[in-house]
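# Fold and contact review
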Amino acid sequence: MGTIIHIGNHRVKCGDLMEDIGDLMAGDRAFLLYSDPPWGQGNLNYWQTMNVKMNKAQRRDIPLGAFLDRIFEIIHEYVEGYAVIEYGVRWQEHIMERAKRFFL
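### Description of the pattern of salt bridges
Within the structure shown, the criterion is met by six salt bridges. A salt bridge links Arg98 to Asp69; the nearest nitrogen and oxygen atoms lie 3.1 Å apart. Of this pair, Arg98 sits in helix α4 (residues 92–103) while Asp69 sits in helix α3 (residues 64–78), placing them 29 residues apart in sequence. Note on accessibility: Arg98 and Asp69 belong to one class, buried. Linking Asp69 and Arg101 is a salt bridge whose minimum nitrogen-to-oxygen distance equals 3.5 Å. Here the residue Asp69 occupies a position in helix α3, and Arg101 occupies one in helix α4, the gap between them amounting to 32 residues.

### Side note on the side chain of Lys13
Mapped onto the elements of the fold, Lys13 is located in strand β2 (residues 10–13). A relative accessible area of 10% places Lys13 in the buried class. A polar contact is formed between the side chain of Lys13 and the side chain of Asp23, at a distance of 2.9 Å.

### Digging into the packing of α3 against α4
At a minimum axis separation of 9 Å, α3 and α4 run at an interaxial angle of 45 degrees. Here α3 lies oblique to α4, going by the angle between them. Between α3 and α4 lies a crossing of right-handed hand. Taken together, the residues of α4 that come into contact with α3 (itself represented by Leu64, Gly65, Ala66, Leu68, Asp69, Phe72, Glu73, Ile75 and His76) are His94, Ile95, Arg98, Ala99, Arg101, Phe102 and Phe103. In terms of residue class, the contact of α3 with α4 is made up of nine nonpolar, three polar and four charged.

### Things to note about a nonpolar patch on the surface
On the surface, Phe31, Leu32, Tyr34, Tyr82 and Val84 cluster together to form a nonpolar patch covering roughly 580 Å² of accessible area. Elements represented by at least two residues in the nonpolar patch include exactly β3 (30–35) and β4 (79–85). When residues of the nonpolar patch are assigned to their parent elements, the largest contribution, three residues, is made by β3.

### Brief notes about the environment of His76
Along the polypeptide, His76 turns up in helix α3. Its relative accessible area of 44% is what places His76 among the partly exposed residues. For the pair formed by His76 and Phe102, sequence separation is 26 residues and the distance between their alpha carbons is 6.8 Å.

Here is what the cut-offs are and how they apply
- Residues numbered from 1 in each chain as written.
- Predicted model: local features only at pLDDT ≥ 70, side-chain atom pairs only at ≥ 80, totals over all residues.
- Heavy atoms only, no water.
- Salt bridge = Lys/Arg side-chain N within 4 Å of Asp/Glu carboxyl O.
- Helix = DSSP H or I, 4+ residues; strand = E, 2+ residues; numbered from the N terminus.
- Buried < 20%, exposed > 50% of the residue type's maximum accessible area, 1.4 Å probe, protein only.
- Polar contact = N/O pair within 3.5 Å; in protein donor to acceptor, adjacent residues only side chain to side chain.
- Axes fitted to C-alpha atoms, helices over the stretch in contact; angles between N-to-C directions.
- Parallel < 35°, antiparallel > 145°, perpendicular 65-115°, else oblique.
- Left-handed = near helix turned anticlockwise from the far one by under 90°.
- Contact = heavy atoms within 4.5 Å.
- Nonpolar A, V, L, I, M, F, W, Y, C, P; charged D, E, K, R; others polar.
- Patch = residues over 30% accessible without salt bridge, like charges linked within 9 Å, V, L, I, M, F, W, Y side chains within 5 Å.
- Areas by Shrake-Rupley, 256 points an atom, 1.4 Å probe, with all protein chains shown as cover.

Function cannot be inferred from these measures alone, as they are strictly geometric.
Now the structure itself:
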(Lines give C-alpha, C1' and ligand atoms only; values in the text may rest on other atoms or scores of the structure.)
Protein backbone atom coordinates (compact mmCIF):
# COMPACT_ATOMS: atom_id res chain seq x y z
CA MET A 1 0.00 0.00 0.00
CA GLY A 2 1.49 3.31 -0.98
CA THR A 3 4.72 4.01 -2.76
CA ILE A 4 7.99 4.48 -0.92
CA ILE A 5 9.88 7.54 -2.15
CA HIS A 6 13.60 7.89 -1.52
CA ILE A 7 14.79 11.40 -0.66
CA GLY A 8 18.50 11.36 0.10
CA ASN A 9 18.99 8.81 2.88
CA HIS A 10 15.32 8.97 3.82
CA ARG A 11 12.36 6.80 2.88
CA VAL A 12 8.97 8.54 2.78
CA LYS A 13 5.61 6.85 2.47
CA CYS A 14 2.06 8.13 2.51
CA GLY A 15 -0.21 5.44 3.83
CA ASP A 16 -1.49 3.63 6.88
CA LEU A 17 1.68 2.99 8.80
CA MET A 18 -0.29 1.27 11.55
CA GLU A 19 -0.48 -1.68 9.16
CA ASP A 20 2.38 -1.50 6.68
CA ILE A 21 5.34 0.12 8.40
CA GLY A 22 7.62 -2.90 7.92
CA ASP A 23 8.33 -2.23 4.24
CA LEU A 24 9.06 1.42 4.95
CA MET A 25 11.55 0.59 7.68
CA ALA A 26 13.16 -2.19 5.59
CA GLY A 27 14.76 -3.79 8.64
CA ASP A 28 16.12 -0.49 9.97
CA ARG A 29 15.31 1.15 13.29
CA ALA A 30 14.64 4.86 13.71
CA PHE A 31 16.61 7.02 16.11
CA LEU A 32 13.71 9.42 16.65
CA LEU A 33 9.95 9.12 16.37
CA TYR A 34 7.62 12.07 16.87
CA SER A 35 3.90 11.50 16.94
CA ASP A 36 0.84 13.55 17.81
CA PRO A 37 -1.89 10.95 17.45
CA PRO A 38 -5.54 11.68 18.24
CA TRP A 39 -6.20 11.00 21.91
CA GLY A 40 -9.57 9.88 23.16
CA GLN A 41 -12.06 7.67 21.35
CA GLY A 42 -13.96 10.72 20.07
CA ASN A 43 -10.85 12.23 18.45
CA LEU A 44 -9.87 8.85 17.01
CA ASN A 45 -13.34 8.39 15.49
CA TYR A 46 -13.21 11.90 14.00
CA TRP A 47 -9.84 11.36 12.31
CA GLN A 48 -10.87 7.96 11.01
CA THR A 49 -13.87 9.67 9.39
CA MET A 50 -11.68 12.46 7.97
CA ASN A 51 -9.23 9.90 6.55
CA VAL A 52 -12.10 8.31 4.63
CA LYS A 53 -13.33 11.69 3.35
CA MET A 54 -9.93 13.19 2.46
CA ASN A 55 -8.05 10.10 1.27
CA LYS A 56 -10.82 7.74 0.17
CA ALA A 57 -9.37 5.28 2.68
CA GLN A 58 -11.31 2.32 3.89
CA ARG A 59 -12.71 2.99 7.36
CA ARG A 60 -11.29 0.71 10.02
CA ASP A 61 -12.88 1.40 13.36
CA ILE A 62 -10.43 0.61 16.14
CA PRO A 63 -10.90 0.94 19.88
CA LEU A 64 -8.63 3.50 21.52
CA GLY A 65 -6.85 0.86 23.61
CA ALA A 66 -5.94 -1.21 20.54
CA PHE A 67 -4.82 1.96 18.73
CA LEU A 68 -2.50 2.92 21.61
CA ASP A 69 -1.16 -0.61 21.87
CA ARG A 70 -0.29 -0.55 18.17
CA ILE A 71 1.54 2.77 18.53
CA PHE A 72 3.68 1.37 21.34
CA GLU A 73 4.26 -1.90 19.44
CA ILE A 74 5.62 0.18 16.54
CA ILE A 75 7.84 2.19 18.88
CA HIS A 76 9.13 -0.95 20.56
CA GLU A 77 9.89 -2.65 17.25
CA TYR A 78 11.17 0.23 15.10
CA VAL A 79 12.66 2.91 17.38
CA GLU A 80 16.09 2.53 18.98
CA GLY A 81 16.50 6.10 20.22
CA TYR A 82 13.80 8.50 21.34
CA ALA A 83 10.04 8.48 20.96
CA VAL A 84 8.25 11.77 21.57
CA ILE A 85 4.51 11.37 21.98
CA GLU A 86 2.54 14.58 22.24
CA TYR A 87 -0.62 14.39 24.28
CA GLY A 88 -2.81 16.52 26.49
CA VAL A 89 -2.41 16.30 30.26
CA ARG A 90 -5.87 14.77 30.41
CA TRP A 91 -4.52 11.60 28.74
CA GLN A 92 -1.26 11.24 30.69
CA GLU A 93 -2.26 8.35 32.97
CA HIS A 94 -3.85 6.41 30.11
CA ILE A 95 -0.81 6.85 27.86
CA MET A 96 1.66 5.89 30.59
CA GLU A 97 -0.39 2.80 31.46
CA ARG A 98 -0.25 1.62 27.83
CA ALA A 99 3.46 2.44 27.42
CA LYS A 100 4.41 0.41 30.50
CA ARG A 101 3.03 -2.73 28.82
CA PHE A 102 5.81 -2.52 26.25
CA PHE A 103 8.74 -0.99 28.11
CA LEU A 104 8.72 -2.37 31.66
